[in-house]
Structure formats: C-alpha cells, structure tokens
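Commentary on secondary and tertiary structure
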Amino acid sequence: MSNSGLNKSSPVTEQIVYLNGEWLPLSEAKVSVLDRGFVFGDGVYEVIPVYHRQPFRLQQHLQRLQNSLAAVRIDTPHNDQQWQLIFNTLIAKNSGDDQSLYLQITRGVARRDHFFPKDVTPTVFAMSNPLVQVERQVFTNGVAAITLDDIRWQYCNIKAITLLPNVLMRQQAADHQAYEAVLIRNGHVTEGAASNIFIVTHGVIKTPPKSNYLLPGITRDLVVELAHASQLRCEETNFTEAELLNADEIWLTSSTREIFPVVRLNDKTIGTGHAGPVTTRMFDIYQEFKASLKTTAG
Ligand code: PDD
C-alpha cells in the first residue's frame with residue numbers, strides 16, 4: 001500500500017485489527033494468497049453493531065455464526081467467552097462509542113484443491129469500523145431500490161463470504177441510482193442484496209418467513225419481536241412482487257443501517273415518497289429499545 005509509511009507514523013489513529021491471535025495495525029495484517037477465503041471464498045462472516053461500546057444482540061450473532069460454521073463444516077475456532085474477549089478488546093482498541101464489528105473465518109491456508117484440507121487451522125480476522133447513527137432527516141428521506149431476479153444459490157441462510165451475486169446485484173442497483181436491490185425468487189420477494197425486507201399493507205406489517213432463501217437477519221428478528229411487543233400486527237408470510245409494488249410502506253433492515261425506508265421502487269413512488277407512519281413508529285420503537293439497554297447498562 002502506498003500510504004503504509006504514513007499509517008505507521010500515526011499509530012494512534014490507525015485501526016487495530018485481530019488476525020489469528022495477534023493485534024495489528026490494519027496495514028500490517030496480512031493473509032497468505034493461498035488462504036481459501038481468497039482462493040475459493042471458502043468462509044463465513046458476521047457484522048455486529050456496537051452501541052456505547054457494547055456489542056448489540058451478541059448472543060444472537062454468535063448463534064448465527066455457529067450455524068454458518070456448522071453449515072460449511074468449519075470447526076468453531078473459539079467458544080463464546082473467547083469471542084466475547086476478542087470483541088471487547090477490539091472495541092477498546094478502536095475509537096468511537098458506536099462501532100461495527102466485522103468477523104471473518106475462513107477454512108485456512110492450504111495448497112489449492114477443492115477438497116477440504118486436512119489439519120488446517122481456520123483463519124480468524126476481526127476489524128472494527130466506526131458506526132455512524134443515521135440522522136432523522138436521512139431516515140425520513142429514505143432510499144431508492146430496484147427489483148431483480150434472485151440469482152443466488154440455495155443456501156442464502158448461511159452468512160458466507162462468497163458474495164459475488166450480491167455484489168453484482170447491488171452494483172446494478174447503484175447503476176440505476178438505487179441503494180439496494182430487492183430480490184425476487186419464483187415470484188416471491190426474499191430479501192435485499194444486503195438487507196431483509198418488510199412491507200406494510202392495510203396496516204399489517206409483513207416480512208418473508210425464514211428459509212434457506214434468505215439470511216436470518218438479527219435486525220429482522222428484533223423488529224418482529226418489537227412489533228409484537230408493541231401490539232403492531234406483524235406477519236411472517238410470503239408476498240409477491242405485485243404486493244411489494246402496491247405496498248403502502250416498505251422498509252429494509254440490517255445491522256449497520258437498522259431500519260431504512262424504501263420510498264422509490266423501480267421508479268414508482270412508495271406511499272408519500274417519504275418514510276411512512278408505520279416505518280417511523282417502528283424506527284422510534286427500535287431507538288427506544290437501544291436507549292433502554294444503555295440505561296440498563298448504566
Ligand atoms: N449484511 N440479508 C443479507 C443478504 C445481508 O447481507 C444482511 C446484512 C442482512 C441483514 O442481516 P442483519 O440484520 O443480521 O445485519 C440480510 C451485512 C450488514 C453486510 O454484509 O455488511
């Protein structure tokens with residue numbers, strides 16, 4: 001990297017990352033070109049939001065990580081306590097009360113061969129990036145999205161690092177001045193290329209049920225939980241592209257963006273063209289829930 005010398009002279013501000021048991025400045029963290037993550041995309045990942053220096057919904061993220069590792073048959077390199085220690089150290093070593101943790105585990109480094117290598121140690125990499133709270137006005141303005149055929153494989157429930165279809169589809173969205181691609185498989189809406197999806201029709205909130213065709217989003221699950229707790233009508237049910245296009249409100253969820261409204265879909269204005277009342281209510285409930293945790297944590 002051309003700026004690595006610069007980074008070395010300012011170690012205070014440089015991101016500190018975790019790689020295979022070591023704490024390193026980002027510019028010094030190196031992985032072999034034979035890492036199966038690099039060669040095959042053979043690995044899994046997690047993205048965990050941190051508020052007030054506390055990982056949010058950590059147990060749920062660790063459980064999903066466990067499920068992803070088991071699904072691709074990588075032995076868990078650490079137990080929950082060890083992960084927690086790694087995350088807490090990472091949070092302490094990086095600046096900002098709100099952060100976004102990225103954890104990636106690959107099958108490890110081995111001579112290139114499709115078969116699982118024997119006696120290989122998984123590569124474990126974790127970094128933290130600043131997490132910027134979305135401003136109210138940005139939330140209200142919402143984003144544009146386009147619908148696309150879901151070209152992914154049959155194991156979308158695994159949080160695999162193999163994201164080429166997602167990258168291609170999000171870029172296609174960007175090429176149309178849209179933020180996200182909403183994916184359609186066999187006539188049904190699955191999720192966004194990097195988010196889960198909710199619609200509101202006649203006051204009822206709907207989100208597709210969990211299946212192997214979508215990622216079981218941690219934010220999605222919390223939104224469903226909070227909607228029920230707040231007496232809002234919320235159904236986990238499949239819906240078609242036509243229902244999506246005719247919805248009164250649409251929003252997307254992810255750990256980094258929380259809840260964000262879709263106000264334009266394929267050049268059609270959704271609702272008033274701004275965040276709708278149910279979306280706004282859900283956003284407020286979500287923020288109240290986060291604030292209540294801060295109070296509990298002291
Ligand atoms: N993506 N579906 C897909 C395909 C995703 O990539 C994501 C998140 C979600 C939302 O899941 P969660 O609420 O657990 O973040 C749904 C992350 C943020 C990413 O790849 O950066």
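Small disclaimer: the values here were computed from a predicted structure and weren't measured.

What follows deals with the site of the ligand. Residues in close proximity to the ligand total 19 residues, the closest being Tyr45, Arg64, Glu191, Thr219 and Ser255. Note that an oxygen atom of the ligand is positioned 2.9 Å from one of the backbone N or O atoms of Ile218. When the free accessible area of the ligand is taken as 470 Å², the share hidden by the protein chains comes to 88%. Of all the secondary-structure elements, those providing two or more residues to the shell around the ligand are β3 (43–51), β9 (188–192), α7 (218–229) and β13 (249–254).

Scanning all chains against the criterion turns up 17 salt bridges. A salt bridge links Arg152 to Asp150, with the shortest nitrogen-to-oxygen separation between them at 2.8 Å. We classify Arg152 as buried; its relative accessible area is 10%. The salt bridge partner of Glu235 is Arg233, with a shortest N-O separation of 3.2 Å. Connected via shared salt-bridge partners are Asp150, Arg152, Arg185 and Glu191.

Taken in spatial order, the six strands line up as β2-β1-β6-β5-β3-β4 in an open sheet, and their pairing is antiparallel. If you trace the sheet from one side to the other, it starts and ends with β2 (22–25) and β4 (54–55), each paired once. Where helix α3 (residues 58–71) meets the sheet, its contacts fall on β3, β4 and β5 (99–106), and the angle it forms with β3 comes to roughly 175°. Docked against the sheet, helix α4 (residues 80–93) engages β1 (16–19), β2, β3, β4, β5 and β6 (123–130), running at close to 135° with respect to β5.

Bringing unusual backbone geometry into the picture now. For Arg73, which is not glycine, the phi dihedral falls at a positive 60°. Locating Arg73 in the fold gives a position in the loop between α3 and α4. On the basis of relative accessible area, Arg73 is assigned to the exposed category, the value being 63%. Phi angles above zero are rare outside glycine, and Asp267 is one such case at about 70°. Tracing the chain through its elements places Asp267 in the loop between β14 (258–265) and β15 (268–269). Overall, Asp267 belongs to the exposed group, its relative accessible area being 68%.

Within the secondary structure, Asp35 sits in the loop between β2 and α2 (36–40). The class for Asp35 is buried, based on a relative accessible area of 2%. Taking C-alpha positions, Asp35 is 35 Å from Thr147, a pair spaced 112 residues apart along the chain. Setting aside residues no more than four positions away along its own chain, Asp35 makes contact with Thr106, Gly108, Val109 and Thr123.

Cut-offs applied
Residues numbered from 1 in each chain as written. Predicted model: local features only at pLDDT ≥ 70, side-chain atom pairs only at ≥ 80, totals over all residues. Heavy atoms only, no water. Near = heavy atom within 4 Å. Polar contact = N/O pair within 3.5 Å; in protein donor to acceptor, adjacent residues only side chain to side chain. Areas by Shrake-Rupley, 256 points an atom, 1.4 Å probe, with all protein chains shown as cover. Helix = DSSP H or I, 4+ residues; strand = E, 2+ residues; numbered from the N terminus. Salt bridge = Lys/Arg side-chain N within 4 Å of Asp/Glu carboxyl O. Buried < 20%, exposed > 50% of the residue type's maximum accessible area, 1.4 Å probe, protein only. Pairing = 2+ DSSP bridges. Contact = heavy atoms within 4.5 Å. Axes fitted to C-alpha atoms, helices over the stretch in contact; angles between N-to-C directions.

The analysis is restricted to geometry; functional conclusions fall outside its scope.
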